[in-house]
Amino acid sequence: MRLLQIDAFTDRPFAGNPAAVCILDGPAAEDWMQKVAREMNLSETAFLYAMGEGFHLRWFTPAVEVELCGHATLASAHALWEEGILEHTEPAVFSTLSGQLSAR
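Residues numbered from 1 in each chain as written. Predicted model: local features only at pLDDT ≥ 70, side-chain atom pairs only at ≥ 80, totals over all residues. Heavy atoms only, no water.

**Q** Where do I start with the packing of aromatic side chains in this structure?
**A** Evaluated as defined, the whole model comprises 3 aromatic pairs. Seen in terms of ring centroids, Trp 32 and Phe 47 are 6.1 Å apart; in terms of plane orientation they differ by 65°. Their pairing is edge-to-face. Pair noted here: Trp 32 is in helix α1 (residues 30–40) and Phe 47 is in strand β3 (residues 45–51), with a separation of 15 residues, a long-range link. Residue Trp 32 is classed as partly exposed on the basis of its relative accessible area of 34%. Between the aromatic rings of Phe 47 and Phe 60, the centroid separation amounts to 5.6 Å while the plane-to-plane angle is 85°, which identifies the pairing as edge-to-face. With Phe 47 in strand β3 and Phe 60 in strand β4 (residues 54–60), the pair connects residues that are 13 residues apart, well separated along the chain. Connected via pairs of aromatic rings, a cluster forms that spans Trp 32, Phe 47 and Phe 60. (Phe/Tyr/Trp six-rings, centres within 6.5 Å; stacked < 30°, edge-to-face > 60°. Helix = DSSP H or I, 4+ residues; strand = E, 2+ residues; numbered from the N terminus. Buried < 20%, exposed > 50% of the residue type's maximum accessible area, 1.4 Å probe, protein only.)

**Q** Looking at this structure, I do not really get the pattern of salt bridges. What am I missing?
**A** Note on pairing: side chains with opposite charge can pair once their charged atoms come close. Using the criterion set out here, one finds 3 salt bridges in the structure. Among the salt bridges present, the one from Glu 30 reaches Arg 58, with a minimum N-O distance of 3.0 Å. Of the two residues, Glu 30 is situated in helix α1 and Arg 58 in strand β4; the sequence distance between them amounts to 28 residues. Judged by relative accessible area, which is 48%, Glu 30 ranks as partly exposed. (Salt bridge = Lys/Arg side-chain N within 4 Å of Asp/Glu carboxyl O.)

As C-alpha cells, then:
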C-alpha cells in the first residue's frame with residue numbers, strides 16, 4: 001500500500017486542493033477506508049487498485065463515502081504517473097460509483 005498526499009490544481013507546494021491517494025493491491029474493507037480517510041482529515045481520500053484495463057476508484061471524506069470527486073480523481077491519476085504505475089503518455093481509466101472516468 002502506498003499513501004500519498006497530492007495538491008491538485010497547482011504547480012507549487014502547499015497550494016491547490018489537497019487529496020490523499022491510497023494505492024492498494026486489491027479491494028479493502030469499507031470501514032478501514034473510512035478510518036484512513038478520517039485519519040488523513042482531508043476533504044477527500046481516494047482509494048484505488050488495478051482492475052482489468054484500468055483502476056477501481058472510491059472516494060471518502062472523513063465522514064462518508066462520496067460518489068464523485070474531481071480533484072481526488074486528478075490526484076489519483078497524477079499518483080499513477082509519478083509512481084511509474086502508468087507511463088505519462090497512458091490515460092488513467094477509473095471505474096467509479098459515477099461510471100467510467102479518465103484522465104490524460
